[in-house]
Amino acid sequence: MKKRLSFGSYFSLLAQKRIAWLLLGLIVVAYVIILGDQSVLRYNVFKATAFDLGNMDQATWNTLHGHFVEFTNHSDNWYGAPIRLAQHVEPIFLLLAGLYAFGSDPRILLIFQTLMLAAGAIPVFLLARKSLPTLPLLAPVMVLGYLLAPAVLGENLFDFHPLTLVTPLLLYAVLALTYRKHVWFVILCILVAACKEEMGSVVALLALVAIWKYRIPRLGSIVFVGGIVWTLLAFLVIKPHFNVGAQQDNYWYRYEALGPTPVAAIFNILGHPWIIFGVLVTLDRLYYLASLLRSTGFIALLAPEWLIPTLPSLAINLLTSESFQHNGVYHYHAAIIPFVIIAAIHGTRRLYLYWYGLRDEKEEQQLYREDTALGRTIYADGKPLPGSVALLNWLRSSALSIWHWLIRGWRFLVARLHLSSLTAGWQSRKKLLRLRMKDLAAWMPATWLQGVLSIWLVCMIVLNIVVIWPLLNSFLADHRPGPREQHIQQLLDMIPPDAVVSAGGNINPHLTERRYVTVFPELTVATMTPGQYKMVDYVIVDLDNASPENKSYSDNFLDVLNQIQRKGEFRPIAQADGVILLVREKNIAQR
């Protein structure tokens, strides 16, 4: 006879559900208000940067005006044409341009980014409620772990990136799978792939997990093939086409430790696989992995299959020589965080089922399984592809054969190397650990784990923020707009909207709603016509903020500024609070 909840237990569970929904609303509203304010404030006080808010704003504005993803802000890794397709393949800009239809302003992108990340809390909450139906208060704790993950906070605060959108989109894709909304799943996968060129590989691996966990071989196979084809098309066709004249991929310099070119790196790794370990096994990379898992209290490790789709992003971040890609606070982790959260949810469920088993509460365990609606009642078999049944049977039999050979090899080693004592010791320790766990489980009911895990997760969330705070704090504005910002805006208003401008890194995002703009000390702007350039009409720089990106691009920032004035090419026409505006001499004559 199926065990039923008592009236008191039902009332308690109902109260917990209401509290959980209330906490979800409070957390999301607080996140939107605080993070939205901080991201916009960062722009208002001229702390946002040319790389990347200026680039994204100009690409969005140009797309709206018929020049698909063109942008002219140069950087030190610039090789191709002045179009983002030479660096990244991001068709999502076609949709983002619609945000500018009623008014162009980079703050729209910042607010949209905040709202999208906050919206990701809803699928986290619903997935946690569905996987942990008898533990409703863990759902808002999982939401807290998601929204306060340093990677989410960092990608929200540091400018705008289309890649950031994959964080909520992937969460909604898994939610669509869970509720068998296959059309929405496909749409969301297309949107994810449109955010950046390697996201097709993430979608492909998610499709493999979907085939395994949700039993949809036909749809999963189609999505898998589509993701792989899109990734190959982006890397092998689109980027090289727009990189005409470039000697190498725009970002391969970050991976030159593996080989001078991608093809050389592949052969180098195949011939010398140990070079991978030389790159990967470092303290900063291990620390990076720990920081990704810490916000979920490392519970994600209990469901490692959900971490499979993170492999492309992890490879990109771990194999690079650039430390900022694995410091845990930028947008490079956008496709990792969703699966860490999902793995933590499923890992928590497995922990509860294991705990029920330790307590020999078979009825409770069965009740829990029924409440989560596991099995074929939800994850019904999909229609297989023609011939896929024979292929799957062959793969299954091959895997079993390999497994049997491994077992035979292990037994041979045990017999030859006299390892039986070691294996016996391991088995005894394993049995002892289970006995100790049973003693602990006998003392602590499974329902108590909700409180214990909630405290553990909150502690890990706080610890993660404290550890990473120096990096996050560098993104925050240290004051509210005042007279200085007003004076700078007055200088910006003096620049005609169609003028070609070279602006300092922190001024640049306020001038990128035009077709031609670059970052000082560049004085020419490339056009889509090869070999043709536009001369800069105006120069505006903040002498009090020679940003690191400017220094990395040119060591003679001030030398160039003095030189163009000394030669008479440009003349100062206004200056306020350390910001100087110069105009080319011919423009003065025309005025």
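Shown above is the structure to which this text applies.
Predicted model, so just to flag it, every value in this text is computed and none were measured. Within each chain, residues carry numbers counting from 1 in the order of the written sequence. Residue-level local features of this predicted model are given only where pLDDT is at least 70; pairs of side-chain atoms are given and counted only at 80 or more, and the full residue set underlies all totals for whole chains, interfaces and linings. As a rule here, side-chain values come from all non-hydrogen atoms in the structure, and water together with hydrogens is ignored.

*Asks:* Give a description of the overall build of the protein that names residues and reports values.
*Replies:* Comment: elements are numbered from the N terminus, with helices defined as DSSP H or I runs of at least four residues and strands as E runs of at least two. Scanning the protein from N- to C-terminus turns up 24 helices and seven strands. Here the protein, with 591 residues, has 51% of them falling under the buried criterion. For the protein, the proportion of contacts with a sequence separation of at least 24, taken over those separated by at least 6, is 73%. Here, Shrake-Rupley sampling with a 1.4 Å probe gives the accessible areas, and only protein chains in the shown set may cover a residue. Accessible area for the protein stands at about 28300 Å²; split by element, carbon and sulfur atoms hold 66% of it. Each residue is assigned to one of three classes by its accessible area relative to the maximum for its type, calculated with a 1.4 Å probe on protein chains only: buried under 20%, partly exposed between the two thresholds, exposed over 50%. When checking whether two residues touch, look at their non-hydrogen atoms; a contact exists if any pair is within 4.5 Å.

*Asks:* Tell me what's going on with the pattern of salt bridges, and back it up with residues and numbers.
*Replies:* By definition, a salt bridge exists where a carboxyl oxygen of Asp or Glu is found within 4 Å of a side-chain nitrogen of Lys or Arg. Throughout the structure, instances matching the rule amount to 13 salt bridges. The shortest N-O distance in the salt bridge between Asp159 and Arg42 comes to 2.7 Å. Here the residue Asp159 occupies a position in the loop between α7 (150-157) and α8 (166-178), and Arg42 occupies one in helix α1 (residues 7-44), the gap between them amounting to 117 residues. Salt-bridge contacts for Glu305 lead to Arg350; the nearest nitrogen and oxygen are separated by 2.4 Å. Within this pair, whereas Glu305 is found in the loop between α14 (283-294) and α15 (311-318), its partner Arg350 is found in helix α16 (residues 337-358), the two being separated by 45 residues in sequence. Here Glu305 falls in the buried class, since its relative accessible area comes to 7%. Connected through salt bridges with shared partners, the residues Lys213, Glu305 and Arg350 form a single ionic network.

*Asks:* Explain the sheet that holds strand β6 (residues 570-576) to me, using residue names and the numbers behind them.
*Replies:* Sheets are built from strands that pair by backbone hydrogen bonding, the pairs being arranged parallel or antiparallel. Strand pairing is assigned whenever DSSP detects at least two bridges linking the two strands. Taken in spatial order, the five strands make up an open sheet running β2-β1-β5-β7-β6, and their pairing is mixed. Edge positions in the sheet fall to β2 (517-519) and β6, since each of these pairs with one other strand and no more. In this sheet, adjacent strand axes meet at a mean angle of 20 degrees when their direction is disregarded. Two strands pair when backbone bridges link them, and β6 and strand β7 (residues 579-584) are joined in this way by six bridges, in the antiparallel orientation. Each bridged residue has a counterpart across the sheet, and for Pro572 the counterpart in β7 is Leu582. Each of β5 (538-542), β6 and β7 is contacted by helix α23 (residues 557-566), which is oriented at about 45 degrees to β7, the strand it contacts most. The axes are straight lines fitted to the C-alpha atoms, using for helices just the contacting stretch, and the angles between their N-to-C directions are given from 0 to 180°.

*Asks:* How would you sum up the packing of helix α4 (residues 106-119) against helix α5 (residues 121-131)? Please name residues and give values.
*Replies:* Viewed as axis vectors pointing N to C, α4 and α5 meet at an angle of 0 degrees, and their least axial separation amounts to 4 Å. For the element pair α4 / α5, the angle class is roughly parallel. Listed contacts from α5 to Leu117, Ala118 and Ala119 of α4 are Ala121, Ile122 and Pro123. Here the contact of α4 with α5 is composed, by residue class, of six nonpolar, no polar and no charged. Any angle that is under 35 degrees is reported as roughly parallel, and any over 145 degrees as roughly antiparallel; angles of 65 to 115 degrees are reported as roughly perpendicular and all others as oblique. Residues are grouped as follows: Ala, Val, Leu, Ile, Met, Phe, Trp, Tyr, Cys and Pro are nonpolar; Asp, Glu, Lys and Arg are charged; all remaining types, including Gly, are polar.

*Asks:* Summarise unusual backbone geometry; cite the residues concerned and give the values.
*Replies:* Phe520 connects to Pro521 through a cis peptide bond whose omega is 20 degrees. Its place among the elements puts Pro521 in the loop between β2 and β3 (524-526). One non-glycine residue, Val69, adopts positive backbone phi at about 45 degrees. Turning to its location among the elements, Val69 is positioned in the loop between α2 (50-64) and α3 (93-96). Looking at Val69, the relative accessible area reads 1%, which means it is buried. Even without being a glycine, Asp159 presents a positive backbone phi close to 55 degrees.

*Asks:* Quick rundown of the environment of Phe93? Include the residues and the values.
*Replies:* By the element assignment, Phe93 lies in helix α3. For Phe93, a relative accessible area of 0% translates into the label buried. Aside from chain neighbours lying at most four places away, what touches Phe93 is Met56, Ala59, Thr60, Thr63, Phe68, Val69, Arg84 and Pro162.

*Asks:* Tell me what's going on with the side chain of Arg285, and back it up with residues and numbers.
*Replies:* When you line up the elements, Arg285 lands in helix α14. The residues contacting Arg285, other than those within four sequence positions of it, are Val279, Leu280, Leu318, Thr320, Ser321 and His326.

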